[in-house]
Amino acid sequence: MERHRSVGGERDNPGFDSTLDEPPVYQEADHRTVRPSVVSAFGHDTLDRVPNIDFYRNAGSVSGHRAVRPSLQELHNVFQKNGEISVPDTVNDDDEGSDGTPSDDLESAIPSDAKGGTIKFGWIRGVLVRCMLNIWGVMLFIRLSWIFGQAGWGLGIVVIVLSCVVTTITGLSMSAICTNGVVRGGGAYYMISRSLGPEFGGSIGLIFAFANAVAVAMYVVGFAETVVELLKDNDLLMVSEINDIRIVGCITVVLLLAISVAGMEWEAKAQILLLIILLVAIVNVFVGTFIPVTDRKKSEGIFNYQSNIFLENFTPDFRDGESFFSVFAIFFPAATGILAGANISGDLRDPQAAIPKGTLLAILITGVTYLGVALCVSATVVRDATGNATDIITAGMVCNGSSVAACELGYDFSSCAVEKCKFGSINNNQVMTMVSGFGPLIIAGTFSATLSSALASLVSAPKVFQALCKDNIYKILHFFAKGYGKNNEPIRGYVLTFIISVAFILVGNLNVIAPIISNFFLASYALINFSCFHASYAKSPGWRPAYKFYNMWLSLAGALLCCVVMFVINWWAALLTYAIEILLYVYVKVKKPDVNWGSSTQAVTFVSSVSNALSLSGVEDHVKNFRPQILAMTGSARSRPALLDLAHSLTKNYGLCIACEVFEGPRSETLEEMNAGMEKNQLWLRKSKRKAFYSAVACNSFREGAESLLQASGLGRMKPNTLMIGFQRNWRTAGIEAVQSYVGVLHDALDFEYGTVILRTNHGLDVSHIVEAEDENEQQALDKDMMPNGGKAKGLFSKSRKSKQVLTTRVSVCGPPLQQDDKMNEKLLEASSQFKKKQPKGTIDVWWLDKQRINNNGKLKYINVPPSADSYKKLEDMIEPFCLHEASRDTAQAGAMRKEHPWKITDQELSTFEEKTNLQVRLNEVLQEHSKSANLIIVSMPIARKESVSDFLYMAWLDILTKDLPPTLLIRGNHKSVLTFYS
């Protein structure tokens, strides 16, 4: 395979199309010859090939499915078949039930809604239309004139511009997030959760879906109030005003639900119809300002364009306790519709391109529309008018307290200063209807605005909620994750949204709930902005948005601005929003959902860890700050739970603990097993709440592996200073090499200046044989359950690259009950958990001096008394098979024996270290006498000089010292100060 490299090469390649999102198609080269000598040596031509696009295709790509990427071992290792070198087929055709993904990353799986036959929208119908309809809303026709009447068009422009600034910054941040990778269904929830993690996403997703559901009720009530007002004007009320609002509202919600359940295509058609009506109504307002006004309209304060009216309306005239902030709080909810397109991201043909383009253009169009309509009204309508056609200025009359502009135009509205008038931009919500050329069109536009906003919210809430439930962050809500039809419609979510909206229509006072809903939306905007800032601040290589017109500090400012606006709108609603979000955050944090989306929180944690480790490396160690950093030779994380639990008890959350395993044997045989167990063991540590790391090496011998771990473990100052290892109980039968390796590890630890800790328990530490048996039994049971009648496995335990890991990580140490006759294993399992559970009342006997501020058993008395004959006989029996007994032979024979068995204990050695040997035997007698009932004994570990004390004699010392005692901890320091005598 080769790619044309010349300037015109891309034009010559018929597979290249610069307009496509997918990488270009590469041609097969006809002229390349295969070198037989290379093929015979390596099994394939060594000229590197272009990477196969099928392994890197975007998940859900419409141009083809992604194949399973070959493992590195499959590419790197040499395979032989029938004596000949062969290259394995690295592409899995999924006929074994594989899920077709290279790993268990849920984000890389092809979504079910990416199948053929689904309806996808472009950026105009999917984003632009929805956002414009949701932003315009009823504010445009009912409250905009009041806002500019109170604030004047000077501050009124500030209100609109400030709102647009908040939404524009949020739109820029959202554009950056959308273009950094594939965007699935869920809108704001998806973007926040994949950027900041499930804690933030799960908390904001739930309240955002709830806010959209309640917003349906708000918009429908607004529509119902308009309808009931018309019924009231025509004396057509059915029951009463409040009950008629409930009846009209419920009927409207049922109709909207029917449109939504019918499918996204019908909902999109309804949105287009509503948009046309709304656009005609807006044009009608502009046209009406140019139509000559009647005397009746003049008496109601409506004129054609007048400069004096425009100038008079520039300054604010706040009344009834209103202020700039209260007016801003009333207007800003109109700007909260910018997520209408993003909320249906799963139904967009190309959300990465559609969301930025449609959202930002919608903000621009609606912002200009609001300004245009508001300025037109400010230039044609006075603030106060009586509506009385007789209030005309005649010759000699003086206007007192009346609008100067109205007075100049021949009308005296001075009575409005004494008694509140019904007309004018401040007093009348129907100004737009009177200004327009045809009033019913404004009413129709109002209907369209409320219905379109309600319909958008009714669609958004179930879509966001379904995405949240699919991620299974709140397990109790997983019932609502199911979709129906070719578009995976959340029917259950629609029903739930319907119930919530009807409940608020029938029961709640929406004037109280409205500030909370606005704050819920603002909290979402704040987190979107913070997500963009956080991802940029983390400087992760994966953060490469295609949309470049954003700035991390602008996003941070946008997040802070959203928080400020929340308090401006309603301070108690802002506090309530924060309280709910914090509670949900803590809940998700405690539950720890099993997801990994590569959030920026992880990236910042990594950056902070590296930074702290580097700063710590520049600080000298001090005795006051010493803490044990333990390298525990546990083998597999589950093999020696007692050793791991004791190490964890010493470090807790404040010190480093590394559980280590050495895989002995040739690398080709051990490497695969080691790599397969890395993630599994670390996952088990996390699931079992052991604050420890897992590390493994593959070496030819145990001592080589331990030496590698002793030298290379840790990072900077964060490296182990203590080796913890279990006592080798079978040293008398393990063989020469095993004993030399074990003692050699102890010598290596001291060479590398490690403190050394040896744990001995009566029943031993290793439970790996039990765990392996349980793993095998459970595997067989699951295979039997999942593959009836010899069929293929299906579902969770299907045969795939990750099935083995799924099975093994579910097994605990205790596992299923063992057979009653296996008493030894029962006792071993019971002993293995002794340091995990709370200890019964007892003592820890520490055989040290009292200067270390540790309660101890006092000074050892009669320590130099020779041990009893029985105790010494036990030692003699222990070392008898390993003694050379060369003293009874002549010099030549003795030399030959030492040369043939250099590892054996010589008579000279026994004589030289007789005193130290007796000390170990005597210490055991003292411990038997004073500490037999202790929960744990801590005593100094005897040290053996290299090349002076033989390995078997040293093992005998350790054995006789700790024989027949409660759990005993032998400790040898590294001769560095770790305890202080001063403050």
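Residues numbered from 1 in each chain as written. Predicted model: local features only at pLDDT ≥ 70, side-chain atom pairs only at ≥ 80, totals over all residues. Heavy atoms only, no water.

The chain appears in an unreviewed UniProt entry as Solute carrier family 12 member 1 from Gasterosteus aculeatus aculeatus. Here the chain is described in UniProt, under the heading Catalytic activity (unreviewed entry), as follows: "K(+)(out) + 2 chloride(out) + Na(+)(out) = K(+)(in) + 2 chloride(in) + Na(+)(in)". Its UniProt record gives the chain the following Sequence similarities (unreviewed entry) comment, quoted word for word: "Belongs to the SLC12A transporter family." (UniProt positions renumbered as here; feature names shortened; annotations may be inferred.)

1. Observations regarding helix α7 (residues 198–233)
Between the first and last C-alpha of α7 there are 52 Å, a value that for 36 residues agrees with the 52 Å anticipated at 1.5 Å per step. Burial analysis of α7 places 26 of its 36 residues in the buried class, the great majority of the element. Positive phi shows up at aspartate 235, right after α7, with a value of about 55°. (Helix = DSSP H or I, 4+ residues; strand = E, 2+ residues; numbered from the N terminus. Expected span 1.5 Å × (residues − 1). Buried < 20%, exposed > 50% of the residue type's maximum accessible area, 1.4 Å probe, protein only.)

2. Some words on helix α33 (residues 951–962)
For an α-helix the count is 3.6 residues per turn, leaving residues at separations of three or four pointing the same way. Taking 1.5 Å of rise per residue, the twelve residues of α33 would be expected to cover 16 Å, and the 17 Å separating its terminal C-alpha atoms lies within 8% of that figure. Of all twelve residues that make up α33, eleven are buried, and the element is covered over most of its length. Taken residue by residue, α33 has Phe952, Leu953, Tyr954, Met955, Ala956, Trp957, Leu958, Asp959, Ile960, Leu961 and Thr962 as its buried positions. Phi turns positive, to about 55°, at aspartate 964, one or two residues after α33.

3. Details of a nonpolar patch on the surface
Taken together, the side chains of Val512, Phe567, Trp571, Trp572, Leu575 and Leu576 present a nonpolar region at the surface, about 580 Å² in accessible area. With four residues, the top contributor of residues to the nonpolar patch is helix α20 (residues 571–591). The partly exposed category is assigned to tryptophan 572, whose relative accessible area is 35%. (Patch = residues over 30% accessible without salt bridge, like charges linked within 9 Å, V, L, I, M, F, W, Y side chains within 5 Å. Areas by Shrake-Rupley, 256 points an atom, 1.4 Å probe, with all protein chains shown as cover. Salt bridge = Lys/Arg side-chain N within 4 Å of Asp/Glu carboxyl O.)

4. Comments concerning the pairing of strand β7 (residues 755–760)
Most of β7 is tucked away: six of the six residues are buried. Handedness of the crossover joining strand β6 (residues 722–726) and β7 through helix α25 (residues 736–751): right-handed. Note that β7 and strand β10 (residues 968–972) share five bridges and pair antiparallel. By the bridge assignment, threonine 756 is partnered in β10 with arginine 972. (Right-handed = clockwise from strand over helix to strand, strands pointing away. Pairing = 2+ DSSP bridges.)

5. Observations regarding the nonpolar core
In globular proteins that are soluble, nonpolar side chains generally tend to be buried together. With 146 residues, the main nonpolar core has Phe141, Leu144, Leu339 and Tyr370 as its most contacted residues. Per-element accounting of this core gives the leading share, 17 residues, to α7. Apart from residues lying up to four places away in sequence, leucine 339 is in contact with Met174, Ala188, Phe208, Tyr525 and Ile528. Counting residues in hydrophobic clusters, the runner-up holds 53 residues, among them Leu746, Ile879, Met941 and Trp957. (Core = buried A, V, L, I, M, F, W, Y, C linked by side-chain atoms within 4.5 Å. Contact = heavy atoms within 4.5 Å.)

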